[in-house]
Amino acid sequence: AAKRDGERGMMLFAPPMLAWLTERMQLRAALHRSLRQGDFQLEFQPLRRLRDGRVTGVEALLRWRLPDGSVPASPERFIPVAEESGLIVPLGDWVLDEACRQASRWPDLVVAVNVSAVQFRAGDLARRVAQALERNRLPAHRLELELTESVLIGHEDEALGWLAELRAMGVRLAIDDFGTGYSSLSYLHRFAVDRLKIDRSFMLQMEASSGSGNAAMVATIVQIARRLGLETVAEGVESPATFARLALLGCDIVQGHAVARPMSAEALQHWLTGRSEIVQA
Ligand code: C2E
Ligand code: MG
Ligand code: MG
Ligand code: MG
């Protein structure tokens, strides 16, 4: 009977499994082609400092768009595939280079780039970063790297060395999606980073209810960060109400639709001048 069940299991699971594998392989091939053909762009999303309302920087977000304007997949779908196949390393080099190139158009603005654990563990990230900075003559302090907690956990000793190397170059470091991973206070203490980006899921909780309990996590993270001398960025802030509450909680910087959506470099240029934003790092 077990065998029959097993067989039935195969019948039930094989087709979706096969579809999943086929889709991954097609995505992988399409990603390779698109990297050669230049079908990737960056969008930029402003970060606003609450203390004085200034725009202090932008986060570079990767977009995959074909010449006909169609979007084959969102970053959440294609980045894991690029990571599995190792393509994230050359793709990540392109992102670094393009982000540095665009950043030189916006004096004093810090550009944040997402770095995958795969890129980080390749081991020569510092050299790749140095090359991108040099090629585009961007001072290191104008670049921030966003790493997730998964980069650090389980590779502490190696990661410590790499982070130290990047910091010695003058590059800024942030922990992205903070609070979702294996958050541990001890690593925060050990890893010298500049900022914590509090994950969007905490803002969703705040937006869902105005009860004070939902703000407790954010308040706690902000307090811990303060003690450690780290800045806090709230990501995914959609409503003016949440924006206002974050100010009360002492959060330093806000990013999300309440400030602006990610936009092209050209649109950002207009957005910055149109609002006569005073840009300062
Ligand atoms: P992330 O680094 O946490 O980026 C923030 C994501 O939240 C972005 O999604 C952004 O468009 C979205 N977002 C910003 N404000 C709001 C808001 O108010 N509401 C909502 N609902 N969403 C908001 P996106 O661009 O789809 O990117 C998703 C993830 O893909 C990123 O999350 C990051 O982990 C990854 N990613 C994007 N670009 C790159 C890249 O160049 N390299 C690597 N390795 N990963 C990237
Ligand atoms: Mg990010
Ligand atoms: Mg994030
Ligand atoms: Mg996120």
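Heads up: the structure comes first, above all this text.
Everything numeric in this text was worked out from a predicted model, so none of it was measured.

(A) Focus on the overall build of the chain. The number of helices and strands found in the chain is twelve helices and eight strands. Here the C-alpha radius of gyration of the chain, 20 Å, is about what a compact globule of 281 residues would show, namely 19 Å. For the chain, the spread of C-alpha atoms along the principal axes amounts to about 65 × 45 × 40 Å. Put simply, the chain has 281 residues, and 43% of those count as buried. In the chain, once contacts between residues fewer than 6 apart in sequence are set aside, the share between residues at least 24 apart is 69%. Total accessible area computed for the chain in this model is approximately 14,100 Å², and 55% of it derives from carbon and sulfur atoms. Placing the 33 positive and 35 negative side-chain charges of the chain at their respective mean positions leaves the two points 2 Å apart.

(B) Focus on the site of ligand 1. Among the 23 residues in the neighbourhood of ligand 1, the closest are listed as Arg63, Asn114, Asp176, Glu238 and His257. In the environment of ligand 1, an oxygen atom lies 2.8 Å from a nitrogen or oxygen atom belonging to the side chain of Asn114. Protein burial of ligand 1: of its 800 Å² of free accessible surface, 83% is covered by the chains. Of all elements in the fold, only β2 (55-64), α2 (75-85) and β5 (172-178) reach the threshold of two or more residues within the shell around ligand 1.

(C) Structural view of the sheet that holds strand β7 (residues 231-234). With respect to topology, eight strands assemble into a closed barrel ordered β1-β2-β3-β4-β5-β6-β7-β8, the strand pairing being mixed. As defined by bridge partners, strand β6 (residues 195-198) adjoins β7 across four bridges and the pair is classed as parallel. Within β7, the residue paired with Ile198 across the bridge is Ala234.

(D) Spotlight on the pairing of β5. Taking burial as the measure, the seven residues of β5 include five buried ones, the bulk of the element. In the sheet, β5 pairs with β6 via three bridges, with the strands oriented parallel. Bridge pairing in β6 links Ala174 to Arg195.

(E) Summary view of the nonpolar core. Counting 79 residues, the largest nonpolar core has Val113, Phe120, Val129, Leu145 and Leu246 as its most contacted members. In terms of residue count, helix α3 (residues 88-103) provides more of this core than any other element does, eight residues in total. When neighbours within four sequence positions are excluded, Val113 is seen to be in contact with Ala60, Val95, Leu96, Ala99, Leu143, Glu144, Leu145 and Glu146.

(F) Examining the layout of surface pockets more closely. By volume, the largest pocket is sized at about 1,200 Å³. Every residue lining the largest pocket is counted, 36 residues in all, and those nearest its centre are Glu59, Leu61, Pro75, Glu76 and Asn114. When its residues are assigned to classes, the lining of the largest pocket shows 14 nonpolar, eleven polar and eleven charged.

(G) View of the packing of aromatic side chains. One pass over the full model with this rule turns up five aromatic pairs. Ring plane angle 55° and centroid distance 6.0 Å describe the contact between Phe40 and Phe78, whose orientation is recorded as tilted. Here the residue Phe40 occupies a position in strand β1 (residues 40-49), and Phe78 occupies one in helix α2, the gap between them amounting to 38 residues. For the residue pair Phe40 and Phe78, the accessibility class agrees, reading buried in each case. Judged by centre distance (5.5 Å) and plane angle (75°), the ring pair of Trp64 and Phe78 falls under edge-to-face. Taken as a pair, Trp64 in strand β2 and Phe78 in helix α2 lie far apart in primary sequence, 14 residues in all. Since its relative accessible area comes to 0%, Phe78 is described here as buried. Members of the aromatic cluster, each reached through a chain of ring pairs, are Phe40, Trp64 and Phe78.

(H) Structural detail: the side chain of Ser116. Examined against the element boundaries, Ser116 turns out to sit in the loop between β3 (110-114) and α4 (117-121). A residue is classified by how much of its surface remains accessible, and Ser116, at 9% relative accessible area, is buried. At a separation of 2.9 Å, a polar atom in the side chain of Ser116 contacts the side chain of Glu83.

Calculation rules
Residues numbered from 1 in each chain as written. Chains lettered and ligands numbered in written order. Predicted model: local features only at pLDDT ≥ 70, side-chain atom pairs only at ≥ 80, totals over all residues. Heavy atoms only, no water. Helix = DSSP H or I, 4+ residues; strand = E, 2+ residues; numbered from the N terminus. Rg over C-alpha atoms; globule rule 2.2 N^0.38 Å. Buried < 20%, exposed > 50% of the residue type's maximum accessible area, 1.4 Å probe, protein only. Contact = heavy atoms within 4.5 Å. Areas by Shrake-Rupley, 256 points an atom, 1.4 Å probe, with all protein chains shown as cover. Lys, Arg positive; Asp, Glu negative; His and termini not counted. Charge placed at Lys NZ, Arg CZ, Asp CG, Glu CD. Near = heavy atom within 4 Å. Polar contact = N/O pair within 3.5 Å; in protein donor to acceptor, adjacent residues only side chain to side chain. Pairing = 2+ DSSP bridges. Core = buried A, V, L, I, M, F, W, Y, C linked by side-chain atoms within 4.5 Å. 1 Å grid on protein atoms, 1.4 Å probe; cavity = no way out; pocket = protein on both sides within 12 Å on 5 of 7 lines; lining within 4 Å. Points joined across faces, edges and corners; volume = space filled by probe spheres on them. Nonpolar A, V, L, I, M, F, W, Y, C, P; charged D, E, K, R; others polar. Phe/Tyr/Trp six-rings, centres within 6.5 Å; stacked < 30°, edge-to-face > 60°.

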